[in-house]
Amino acid sequence: MAATAVEYTIGGVKIQFPCKAYPSQLAMMNSIVRGLNHGHHCLLESPTGSGKSLALLCSALAWQQAQYAKAEKEGMSHNEFKKPEVTTPCQCACHASRGHSMPRSSTLASRLSEKRQASLSANADDDFMPDRKRIRELQLFRKRRCLEQGVIIISDDLQVTSVTRSWRLLIFPSHFLWQSPSSCFLCPCDGVKRGAKAAEKTKDKDKANNGGSCKKAVPKIFFGTRTHKQIAQIAHELKRTFYTSTPMTILSSRDHTCVHPEVIQHTNRNERCKELLEGKNGQTCRYYHNVHKMRDQGTLQWVHGLQQAWDIEELVRLGSRLRCCSYFAARELMQEAHIVFCPYNYLLDPLIRESMEINLKGQVVVLDEAHNIEDCARDSASYTLSQTQLLAARNEIDGMVYHNIRPIHHGPLGAFCCSLLNWIQESCGALSERDYETSCKVWTGAEVLVIFHGLGITADTFSVLQKHLAAVLEKEERVGLVNGQEDMVEVPTLSAPTQTVLKSLFMVLDFLYRNNCSFAEDYRVALQQTYVWTTQNDPPDLPDAQGFFARRHRRRQGARTKTLVYTLSFWCLNPAVAFTDLSGSVRTIVLTSGTLSPMGSFSSELGVNFSIQLEASHVISKSQVWVGTLGNGPQGRKLCATFQHAETFAFQDEVGALLVRICQAVARGVLCFLPSYKMLDKLRERWTNTGLWEQIEQRKIIVTEPRGGARSDFDELLQSYYDAIKDPGHRDGALLIAVCRGKVSEGLDFTDDNARAVVTIGIPFPNIKDLQVELKMKYNDQHSKTRGLLSGSHWYEIQAYRALNQALGRCIRHRNDWGALILVDDRFRCNPNKYITGLSKWVRQLVQHHNTFGGAMQSLVTFSENQQGAATARANGSCPPEQTEPTKWLPSPSTLSLLLPSTNPTEKATEDPPQDFTPRPVQQVSGQRVLDPPIPEATTSYKSQSDTQGRHMTCEDSLQCSQRNCVFIMV
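These numbers were taken from a predicted model, which means no experiment stands behind them.

1. With respect to the overall build of the protein chain
When you go through the protein chain residue by residue, the secondary structure sums to 37 helices and 32 strands. Burial statistics for the protein chain: of 971 residues in total, 50% are counted as buried. Contacts spanning at least 24 positions in sequence make up 78% of the contacts within the protein chain whose residues lie at least 6 apart. With the model as given, the accessible surface of the protein chain reaches about 46200 Å², and the carbon-plus-sulfur share is 50%.

What follows is the structure in structure tokens.
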């Protein structure tokens, strides 16, 4: 039975919710609306499976609609707020040739597409082609007949015949009209144009009255998440809501959206696409020049049928059918979109923002699955290149100068690359040995600026270099000879790899020189010398001058050779460097995830004051999850997955025996997460030799996460795991062995039988020997007192807890799901104050320490059998008494109103409500008999006007009206 939609009023915003909301969802929407109303930043944790995405979408889009309604009520113009309206494509003279109904602002894709269409029209003269002329007349006759019958034809093949330069032929139902290119009185958009002109005059008048200022537009919502797969899940959630028809778009890479058959087969789609766009070798992209077929929100919804929220796959299918580039169409749709979905590195990385033409000023940024946002922000402001890449860039630039192609601009860029190469070569002798076959030297950002000053690179000369780079990247055509005749020839530009090297280096230098070099201390520059193994094959045999083949000395097929590699890394150790571009310009930032805990580092690391924070509990009951720690194995050996113990055979054998017992106790799917790929390889090798691997395979099919490989290979491997659970054959499900921080632990959905137990081995601390980790810890220790950063050791521990929480979150995915969380390491039992406190709130409240392995297995088996019995009873339509929840009389949620205080919205959430607080009933309402889920604690906070101290209220307090048939106003 479908859930009934419910309306909630929170902070003056009416939110249409597709079902009765959980208390944690109400707390989420409460916090989001407060942040949007007051322009404050939010840090919100809600466990996976608690409806977090639904609460995010409904509250943010409801607030946005309220802003549009408020603007219209205040009499502000429609065009000023850029709220698109869905209209039928106009068939008038001023629009028939372009295929859309409303004028648009010029963008790169639209300009190039129009230029291409204009060139095709100019070169084609149908009057001298009798065959084409007959076909054209036949097409016009057929379309006229369709229009006479009231059918609107949307076709890009229809070419309107030009009789003179100032007149065009229009097709109307039953007659022909000669009409000038200006808009006619019969044009349905003529009134719109006149209204737009009047509104423009009014807007200019208002600007003059307000001293030249103009009111701000309603913000767009940029919804960023970690992966494209998670975007598909968010789009699916949006389809369930009242806001499913909201104008939207999804920004993604060419790997996910390109539909050109030739580009899809290419190993590097970006480079091949750019080659076609630039028209190299006389080839162009016909799909790109059809972008106008999908670039309009109205056409997309009412002509092509995407009236509800869509995902990337639907857009790609439509692009393939229309032979239109879905990659650039998605970018064009961003102009009229209310909400824009994209991976969140598109919002953090300044190069991607520039490439995608993303402007975040005054907008709302929602970053879902933001537990890795610190690492992503640091990576966005960092860059690493090899000596080989820099050398190739210099050689290409020197070639441009040699062939006299913009030598004034290419010359300084070549000198810049040459200076860096000389500095790298001089510094190679000063490297100090760090590890086996590894040497390095590290400079601070300030030291590098001094070195660059000696190379002639200063803040002033860098601004000149930026102008030279912009000049060489511009498209330009000159008169040249083509087949002995003068013609316009496009000036060659740098290749894509060289452009990437120069843009990335200049991005880092821009941060170093910005604000009078204020970010210089946040950078470390490392020159590293390493050896890499490469596989080389013999070149093919070639005949000599006489046509004979000489047998050379051949190497072994696929022989591996060791090659010396130098890499230069510009590492940003402060994520606030990249995050300042967001926090300084956007209206509100909402960071949310199911595993933000511990939450203490976000404000200090990102340099943002998250005045609204929430740590919600899960929506499930305690009986649905089993959380336990194991410090001993089946043979009684102590299990402590430190580096010293993990290398021993005794530890490896004990872990293998433990997994055998867990696979016997838990049916269907089991996930096992290890700290590293190195441990995965060692355990697999040891268990294969001892026969433990075969023992596990007798019970469950074993699937291991690959270290790398293509995305298609990983999807195929994951599908084999799902298939093994659906059809296990003579075995009982499957075991998926994965790695923390890997693909499996990030955002994948293991619902119901796909994960009845999650086993974590050890604590996934980052590699302490990694140079970047070591520098980050030293940096935090250096600035912990002056900037309020966490100490290096505390930061190091938090990285492990977040990875662990993310792995544990793969299990419980919805309200009726159940599963076991098994933490294997003796440190959880010996020092719970240190290691348990880092877990998510809903997990740490349920942790049970088991002193013996036998007792833990007995408890696990009982839990699994009870849950399987309860699931069977629910499937049969009955429920055992111990699983029956008490029914309560609840008020209709549509009358529930949470009125939020506005005096102090910056108050942070805390764990416990005050003892002296009692909700005050103000109205009795009639209720209906419904099944009430258990109410977890999800804390919010407020401060009344009359109080000098903040009072804190949990969701349980705010919803006690559910038990008293009344509505409360929080004052």
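Structure shown, so let's carry the discussion forward.
2. A word on the sheet that holds strand 24 (residues 819-824)
If you walk across this open sheet you meet the seven strands as 21-22-20-23-24-19-25, and the pairing is parallel. Edge positions in the sheet fall to strand 21 (701-704) and strand 25 (848-850), since each has one partner strand and no second. On average, adjacent strands in this sheet sit at an angle of 20 degrees to one another, irrespective of strand direction. Where strand 21 lies against strand 22 (residues 734-739), four bridges are found, and the strand directions are parallel. Pairing of isoleucine 701 across the sheet is with alanine 734, part of strand 22.

3. A look at the confidence of the model for the protein chain
Counting all residues, the mean pLDDT for the protein chain is 75, and 71% of those residues have values of 70 or more. Confidence drops under a pLDDT of 50 for residues 120-215, and excluding neighbours within four residues, the segment shows 84 contacts in the predicted structure. Low confidence marks residues 879-971, where pLDDT is under 50. Its contacts with residues over four positions away, or in another chain, come to 201 contacts.

4. Looking at the packing of aromatic side chains
Centre-to-centre distance and the angle between the planes together describe a pair of aromatic rings. Inspection of the entire model under this criterion finds 16 aromatic pairs. Plain terms: the ring middles of tyrosine 8 and phenylalanine 17 are 6.3 Å apart, the flat faces sit at 75 degrees to each other, and that makes the pair edge-to-face. Since its relative accessible area comes to 2%, tyrosine 8 is described here as buried. On the basis of relative accessible area, phenylalanine 17 is assigned to the buried category, the value being 0%. Considering the side-chain rings of phenylalanine 765 and tyrosine 796, the 5.4 Å spacing of their centres and the 10 degrees angle between planes classify their relative orientation as stacked. A residue pair is termed long-range when its members are at least 10 positions apart, and phenylalanine 765 in the loop between strand 23 (757-761) and helix 30 (771-783) and tyrosine 796 in helix 31 (residues 792-808) qualify at 31 residues. Under the relative-accessibility criterion, phenylalanine 765 is labelled partly exposed at 23%. Relative accessible area serves as the criterion here: at 14%, tyrosine 796 is assigned to the buried category. One aromatic cluster is present, formed by Phe416, Phe462, Phe506 and Tyr513 through successive ring pairs. A cation sits over an aromatic face here: lysine 562 above tyrosine 531, 5.3 Å from the ring centre. One Lys or Arg, lysine 769, reaches over the ring of phenylalanine 643 and ends 5.9 Å from the middle of that ring.

5. With respect to the packing of helix 19 (residues 407-427) against helix 22 (residues 496-517)
Running from N to C, helix 19 and helix 22 point in directions that differ by 75 degrees, and their axes come no closer than 12 Å. In this view, helix 19 runs roughly perpendicular relative to helix 22, as classed from their interaxial angle. Residues Leu413, Phe416, Cys417 and Leu420 of helix 19 lie in contact with helix 22, whose contacting residues are Leu502, Leu505, Phe506 and Leu509. The residue inventory of the contact of helix 19 with helix 22, partitioned by class, reads eight nonpolar, no polar and no charged.

6. Re the pattern of salt bridges
Applying the stated criterion to the full structure yields 30 salt bridges. For the salt bridge of aspartate 522 with arginine 787, the shortest nitrogen-to-oxygen distance reads 2.5 Å. One end of the pair, aspartate 522, is in the loop between helix 22 and strand 15 (523-536); the other, arginine 787, is in the loop between helix 30 and helix 31, with 265 residues separating them in the sequence. Exposure remark for aspartate 522: the relative accessible area of 2% places this residue in the buried category. Overlapping salt bridges, with partners in common, bring together Arg353, Asp510, Arg514 and Asp581 in one network.

7. A word on helix 13 (residues 312-322)
Looking at helix 13, one finds that the buried residues are Ile312, Leu315, Val316, Leu318, Gly319 and Leu322. The arc that holds every buried residue of helix 13, seen down its axis, measures 160 degrees, which confines them to one face. Among the exposed residues of helix 13, those oriented more than 90 degrees off its buried face are Arg317 and Arg321. For helix 13, the secondary structure elements touched by its buried residues are helix 8 (228-239), strand 7 (248-250), helix 9 (254-257), helix 12 (297-302) and helix 14 (326-333). Following helix 13 by one or two positions, arginine 323 has its phi on the positive side, about 55 degrees.

8. Points about the pairing of strand 3 (residues 42-45)
Burial of strand 3 is two-sided: the residues Cys42 and Leu44 facing one way and the residues Leu43 and Glu45 facing the other way are all buried. Bridge count for strand 3 against strand 17 (residues 588-593) is four bridges, and the pairing is parallel. Bridge pairing links leucine 44 to threonine 592 in strand 17. Two strands pair when backbone bridges link them, and strand 3 and strand 18 (residues 612-615) are joined in this way by four bridges, in the parallel orientation. Looking at the pairing, leucine 43 lines up with glutamine 613 of strand 18.

Analysis parameters
Residues numbered from 1 in each chain as written. Predicted model: local features only at pLDDT ≥ 70, side-chain atom pairs only at ≥ 80, totals over all residues. Heavy atoms only, no water. Helix = DSSP H or I, 4+ residues; strand = E, 2+ residues; numbered from the N terminus. Buried < 20%, exposed > 50% of the residue type's maximum accessible area, 1.4 Å probe, protein only. Contact = heavy atoms within 4.5 Å. Areas by Shrake-Rupley, 256 points an atom, 1.4 Å probe, with all protein chains shown as cover. Pairing = 2+ DSSP bridges. Axes fitted to C-alpha atoms, helices over the stretch in contact; angles between N-to-C directions. pLDDT = per-residue confidence, 0-100. Phe/Tyr/Trp six-rings, centres within 6.5 Å; stacked < 30°, edge-to-face > 60°. Lys NZ or Arg CZ within 6 Å of the ring centre and 35° of its normal. Parallel < 35°, antiparallel > 145°, perpendicular 65-115°, else oblique. Nonpolar A, V, L, I, M, F, W, Y, C, P; charged D, E, K, R; others polar. Salt bridge = Lys/Arg side-chain N within 4 Å of Asp/Glu carboxyl O. Arc of directions from axis to C-beta.

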